[in-house]
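The primary structure of each chain is shown beneath.
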Amino acid sequence: MTRIHLTVDGASVADDVEPRMLLVQYLREKLGKTGTVIGCDTSNCGACTVHLDGRSVKSCNVLAVQADGAEVTTIEGLSKNGSLHQVQESFRECHGLQCGFCTPGMIMQSVDLLNENPNPSEEEIRLGLEGNLCRCTGYHNIVKAVQHAAAQGSSTVGQGAQA
Amino acid sequence: MIPTAFDYLAPTTVEEALSALAQHGDDAKIMAGGQSLLPVLRMRLNAPEMVIDLGRIDSLRGVRDDGDAIVIGAMTPHFEVAKDPLVTEHAALIPKAIEHLADAQVRHRGTFGGALAHADPAGDLGAPALALGAQFVIAGSGGTRTVGADEFFVDLFETAIGEDEILTEVRVPKHTGWGAHYEKFVRVVHQWPIVAVAAAVRMDGGSIAEARVGLTNMGSTPIRARAVEAALVGAAPTDDGVRAAAEQAAEGTNPPSDLNGDADYRRHLARVLTRRAVVAAAGG
Ligand SMILES: Cc1cc2nc3c(=O)[nH]c(=O)nc-3n(C[C@H](O)[C@H](O)[C@H](O)COP(=O)(O)OP(=O)(O)OC[C@H]3O[C@@H](n4cnc5c(N)ncnc54)[C@H](O)[C@@H]3O)c2cc1C
Ligand code: FES
Ligand code: FES
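Parameters and conventions
Residues numbered from 1 in each chain as written. Chains lettered and ligands numbered in written order. Predicted model: local features only at pLDDT ≥ 70, side-chain atom pairs only at ≥ 80, totals over all residues. Heavy atoms only, no water. Helix = DSSP H or I, 4+ residues; strand = E, 2+ residues; numbered from the N terminus. Expected span 1.5 Å × (residues − 1). Contact = heavy atoms within 4.5 Å. Near = heavy atom within 4 Å. Polar contact = N/O pair within 3.5 Å; in protein donor to acceptor, adjacent residues only side chain to side chain. Areas by Shrake-Rupley, 256 points an atom, 1.4 Å probe, with all protein chains shown as cover. Domains from an automatic or database assignment. Buried area = accessible area lost by both parts, 1.4 Å probe. Salt bridge = Lys/Arg side-chain N within 4 Å of Asp/Glu carboxyl O. Buried < 20%, exposed > 50% of the residue type's maximum accessible area, 1.4 Å probe, protein only. Pairing = 2+ DSSP bridges. 1 Å grid on protein atoms, 1.4 Å probe; cavity = no way out; pocket = protein on both sides within 12 Å on 5 of 7 lines; lining within 4 Å. Points joined across faces, edges and corners; volume = space filled by probe spheres on them. Nonpolar A, V, L, I, M, F, W, Y, C, P; charged D, E, K, R; others polar. Core = buried A, V, L, I, M, F, W, Y, C linked by side-chain atoms within 4.5 Å.

## Things to note about helix H5 (residues 140-151) of chain A
Residues and elements named next belong to chain A. Taking 1.5 Å per residue as the helical rise, H5 with its twelve residues ought to reach 16 Å, and the 17 Å between its terminal C-alpha atoms agrees with that figure. Residues of H5 that are buried in the fold lie against helix H2 (86-93), helix H3 (103-116) and helix H4 (122-128). With its phi angle positive at about 100°, Gly153 sits one or two positions after the end of H5.

Structural data, given as structure tokens:
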């Protein structure tokens, strides 16, 4: 067992974990943060995307021990004071989901993308989301949702991700 | 899937990492960004008893100027390498290759040294490193040694790094003012190339003065297309101007056959992609 201390969605946590425990397992099984989901075995789908020290990562491909001392933001930490993050709002507004399974990862990656590039072109959005697979939507409404969020202004985008 | 149980060390200096390696020998595995290692452990294709994480060794991260070369720390993540001003100015081929390597999440974790040490013949960084004549600095208990790109890549997933050694940094000779392009042919984005071509050219008075060309996935290691390089000298930077030189791209290669394409198809791709890469690198 290895002792880890980290911040998850603004709260400090500490636990003894097995070194082989994946970050996604830690979030879901130890902390009950089941908003972050697992969609594959190969690190291809992006459903498990969270932010580690402000940058998006696939939490199925990071060990919990590697996150020792880090700040993690999950989909559950994006909303502030009961109001949705602009990107969450835009996915709802533009119907950027159907079954919703890819959505937590899509939103976390979209927030990262907009943090880096507040005014992306359609192509930049599609490339920026290349590590996130969606089985339902055909991506069009997801792209529209990111464009919508960008149009609302970068000042509101990323507020949760910086936390 | 979950890896089999292992012990874990996160040293903060190269010396500590080397002594841990010496102590645990064959049972230990180095972890850089984990983006290739963790999938392997999760599939249980490998089951080390000890994982030595280099992620806390600050001295292995970053890019510095060293006269006629830039030096890239092995643990510098792909996204940092790609936007580093020294790299963009003096080794523009590297950011071009990283742009289409994996996806944003993987580029945030995966490292320059990890990708090269992994030596996947379909990996995107080997051909650029080879084309630019990179030198690999390898630390062991007896000190450090430097290995040229020609000797570094030994075979499939095999490099000159010994079992008790660590790749610490990669020196890339400056190619300031050279045009560069990485032409990658894939079936789906964010995956490894079926074939890719890395090209850097120095132009002089409207024609190609010097060229460096590296091939990805045309054999068990990255390959330098020296016949193409020689034939490009003096060529006009147009489709027609480079066509004859590019025709030699598959010479001396030994490409694999798999579900993505057979060896002949890959040879064809190497010729076409070389032409495209060189023309694009020359700004044509
Ligand atoms: C979904 C996905 C898509 C990908 N797509 C691509 C792609 O399109 N193109 C591409 O090139 N790559 C791709 N990759 C792989 C990616 O580039 C990895 O970042 C890289 O191959 C390994 O880097 P790492 O730092 O994560 O190394 P790790 O996975 O930590 O290590 C890889 C291997 O190298 C050894 N090693 C690492 N560092 C050192 C060192 N300093 N000294 C000695 N040994 C060392 C380790 O022991 C291990 O065997 C992809 C990965 C994923 C998960
Ligand atoms: S669950 Fe992590 S990428 Fe699919
Ligand atoms: S909405 Fe169903 S997978 Fe994307």
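## Focus on the environment of Thr7(A)
Residue and element names in this part refer to chain A. Along the chain, the position of Thr7 falls in strand S1 (residues 2-8). C-alpha separation for the pair Thr7 and Gly105, spaced 98 residues apart in sequence, amounts to 19 Å. Residues within four places of Thr7 in sequence aside, it is in contact with Ser12, Ala70, Glu71 and Val72.

## What about the site of ligand 1?
Neighbouring ligand 1 are 32 residues; Ile30(B), Gly34(B), Gln35(B), Leu37(B) and Thr111(B) lie closest to it. The residues that come close to ligand 1 belong to more than one chain, namely chains A and B. The backbone of Gln35(B) places a nitrogen or oxygen atom 2.7 Å from an oxygen atom of ligand 1. Here ligand 1 loses 95% of its free accessible area of 980 Å² to cover by the protein chains.

## Focus: the domain arrangement of chain A
Residues and elements named next belong to chain A. In terms of domains, chain A is made up of domain 1 (2-77) and domain 2 (86-159). At the interface, 17 residues of domain 1 touch 13 residues of domain 2. With both chains or domains summed, domain 1 and domain 2 bury close to 1,200 Å², and 56% of this area falls on carbon and sulfur atoms. Summed over the shared surface of domain 1 and domain 2, the number is two salt bridges. When the shortest N-O distance is used, the salt bridge between Arg55 and Asp112 registers 3.4 Å. Counting across the interface, domain 1 meets domain 2 through eight residue pairs in polar contact (both at pLDDT 80 or more). Mapped onto the side of domain 1 that touches domain 2, the elements with two or more residues apiece are strand S3 (49-52) and strand S4 (55-58). Ranked by residues supplied to the side of domain 1 that touches domain 2, first place goes to S4 with three residues.

## Notes on the pairing of strand S6 (residues 135-140) of chain B
Residues and elements named next belong to chain B. For S6, the buried fraction is high: five of the six residues fall into the buried class. Across six bridges, S6 lies against strand S7 (residues 143-148) in antiparallel orientation. Paired with Ile138 across the two strands is Arg145, which belongs to S7. Two successive antiparallel strands, S6 and S7, enclose a turn made up of two residues.

## Focus on the environment of Ala250(B)
All names here are of chain B. Within the secondary structure, Ala250 sits in the loop between helix H11 (239-246) and helix H12 (263-281). Owing to a relative accessible area of 8%, Ala250 belongs among the buried residues under this scheme. For the pair Ala250 and Ile161, spaced 89 residues apart in sequence, the C-alpha to C-alpha distance is 28 Å. Excluding anything up to four places from it in sequence, Ala250 contacts Met218, Arg267 and Arg271.

## A look at the layout of surface pockets
One simple way to see leftover space: roll a probe sized like a water molecule over the atoms. The calculated volume of the second largest pocket comes to roughly 660 Å³. Secondary structure elements with two or more residues in the lining of the second largest pocket: H3 and H4 of chain A together with helix H3 (78-83), helix H5 (93-99) and helix H6 (104-109) of chain B. Across the lining of the second largest pocket, the residue classes break down as seven nonpolar, six polar and nine charged.

## A look at empty space enclosed by the protein
Residues and elements named next belong to chain B. For the structure on display, the rule yields one cavity of 30 Å³ or more. Considered as a void within the structure, the largest cavity measures approximately 30 Å³ in volume. Taken together, Ala91, Ala92, Leu93, Leu132, His175, Trp178, Ala180 and Ala200 make up the lining of the largest cavity. When the residues that make up the lining of the largest cavity are grouped by side-chain class, the tally is seven nonpolar, one polar and no charged.

## Points about the nonpolar core
One recurring pattern in soluble globular proteins is that nonpolar side chains are buried together. Counting 39 residues, the largest nonpolar core has Ile72(B), Ile94(B), Leu116(B), Phe136(B) and Val172(B) as its most contacted members. Leaving out residues up to four positions away in the same chain, Phe136(B) has contacts with Leu116(B), Ala129(B), Arg145(B), Thr146(B), Val147(B), Gly148(B), Ala149(B), Phe152(B), Phe153(B), Leu167(B), Glu169(B) and Val170(B). Ranked by size, the runner-up nonpolar core spans 30 residues in total, among them Leu22(A), Tyr26(A), Leu52(A) and Val57(A).

## Brief notes about the sheet that holds strand S13 (residues 207-216) of chain B
Residues and elements named next belong to chain B. The four strands are arranged S11-S12-S13-S14 in an open sheet whose pairing can be described as antiparallel. Each end of this open sheet is capped by a strand with a single partner; those strands are strand S11 (179-185) and strand S14 (223-224). Pairing of S11 with strand S12 (residues 195-204), which is carried by seven bridges, proceeds in the antiparallel orientation. Bridging from a neighbouring strand, Gly179 pairs with Val201 of S12.

## Let's talk about the interface of chain B and chain A
The partner chain A presents 32 residues to the 32 residues of chain B that form the contact. Of all residues in chain B, Arg42(B), Gln105(B) and Arg109(B) give up the largest surface area on contact with chain A, accounting jointly for 25% of the area buried on that side. At the boundary of chain B with chain A, the tally comes to two salt bridges. Put simply, Asp103(B) and Lys58(A) hold a salt bridge, and the shortest N to O gap is 2.6 Å. Where chain B packs against chain A, one counts 16 residue pairs in polar contact (both at pLDDT 80 or more). Put simply, the parts of the chain that give the side of chain B that touches chain A at least two residues each are helix H2 (37-42), H3 and H6 of chain B. In terms of residue count, H6(B) provides more of the side of chain B that touches chain A than any other element does, six residues in total. Across the side of chain B that touches chain A, the residue classes break down as 16 nonpolar, eight polar and eight charged.

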